[in-house]
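Survey of secondary and tertiary structure
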Amino acid sequence: MILPIVAYGDAVLKKKAIAIDKDYPKLNELIDNMYETMYGAYGVGLAAPQIGLAIRMFMVDTSPFAEDESFSEEEQEKLKNFKKTFINAQILEEVGEEWAFNEGCLSIPDVREDVFRRPTIKIEYQDENFETHVEEYDGLIARVIQHEYDHIEGVLFTDKLSSFKKRLLKGRLTNIAKGKIKIDYRMRFPLMSKKR
Ligand SMILES: [Zn+2]
C-alpha cells in the first residue's frame, strides 16, 4: 500500500526517532509499504518519519542512479545493486574532505540544493531480521545513507544550508507546507487548510 509522504513543516520530521525491536507491530508489512511508497515516488531513499512514524528505520535503493553516465562503470554497478533496509542505525564515523552534491527530498518536492557531507562513513545497523552489521560506505551510497540517517535524527537537508540560502527558500518551503505545489505522488501537508 502506498502511504502519504509527510511534507516539509510537519513536526514529525523534526523529531529524533526512537529505536524499535522485532516486536514492532506489523513490521514486515510496514517495510513493504515503505518500499512501495518510495518506488511510487521515484525516490532512492525513504525514512520512517517521512511517512509519519518517528522510529529509527529507513531504506535505500540507489539503482536509479546506475543510469547516470557521469559515474564510472564500477560505481554504476555498485549503485545498481544497492538496496538495503537500515533499522536502529548509528553512524559511528564520518571521514574525509566534505564534498558537495545536489540533494533533493521526497518531503520537499522540487527543491534541490548542494549539500556538503564527508565522503566515507562507518555505520552500525540492524537488518529486517534484527541481525547487527557494521559496514563502511563511500561516494553516492554513503551520501544517500547520510541523508536518510539525518531524517531519523530529525534533520532535513535544508537545515544544512547557509542562512542566506534558507532565506531565499523560505517562501517555497512555506508553500510546500501549505500544499501549494504540484506533485505526482500522495502527500500529507501540515499547513493545508481543511476548508476548500
Ligand atoms: Zn529526504
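Right above here is the structure, for reference.
Just so it is clear, the structure is predicted and the values come from calculations on it, not from any experiment.

This part takes up the pattern of salt bridges. The final tally for this structure, using the stated rule, is eleven salt bridges. Between D159 and K14 there is a salt bridge, with the nearest N and O atoms lying 3.3 Å from each other. Residue D159 is located in the loop between helix 3 (139-152) and helix 4 (163-178), and its partner K14 is located in the loop between strand 1 (5-6) and helix 1 (27-40); the two are separated by 145 residues in the primary sequence. Residue class for D159 comes out partly exposed when judged on its relative accessible area of 31%. Residue D150 is joined to R117 by a salt bridge in which the shortest nitrogen-to-oxygen separation is 2.9 Å. Of this pair, D150 sits in helix 3 while R117 sits in strand 6 (residues 108-117), and the two are 33 residues apart along the sequence. In this structure D150 comes out as buried when scored by relative accessible area, which is 10%.

Right, let's get into the coordination of the zinc ion. For the zinc ion, the protein coordination sphere consists of C105 (SG), H147 (NE2) and H151 (NE2), at 2.1 to 2.3 Å. Along the chain, the residues donating to the zinc ion are arranged with the sequence spacing C-x41-H-x3-H. A residue pair is termed long-range when its members are at least 10 positions apart, and C105 in strand 5 (residues 99-105) and H147 in helix 3 qualify at 42 residues. Judged by its relative accessible area of 10%, C105 falls in the buried class.

The rules we used
- Residues numbered from 1 in each chain as written.
- Predicted model: local features only at pLDDT ≥ 70, side-chain atom pairs only at ≥ 80, totals over all residues.
- Heavy atoms only, no water.
- Salt bridge = Lys/Arg side-chain N within 4 Å of Asp/Glu carboxyl O.
- Helix = DSSP H or I, 4+ residues; strand = E, 2+ residues; numbered from the N terminus.
- Buried < 20%, exposed > 50% of the residue type's maximum accessible area, 1.4 Å probe, protein only.
- Donors = N, O, S within 2.8 Å, 3.2 Å for Na, K, Ca; no water.

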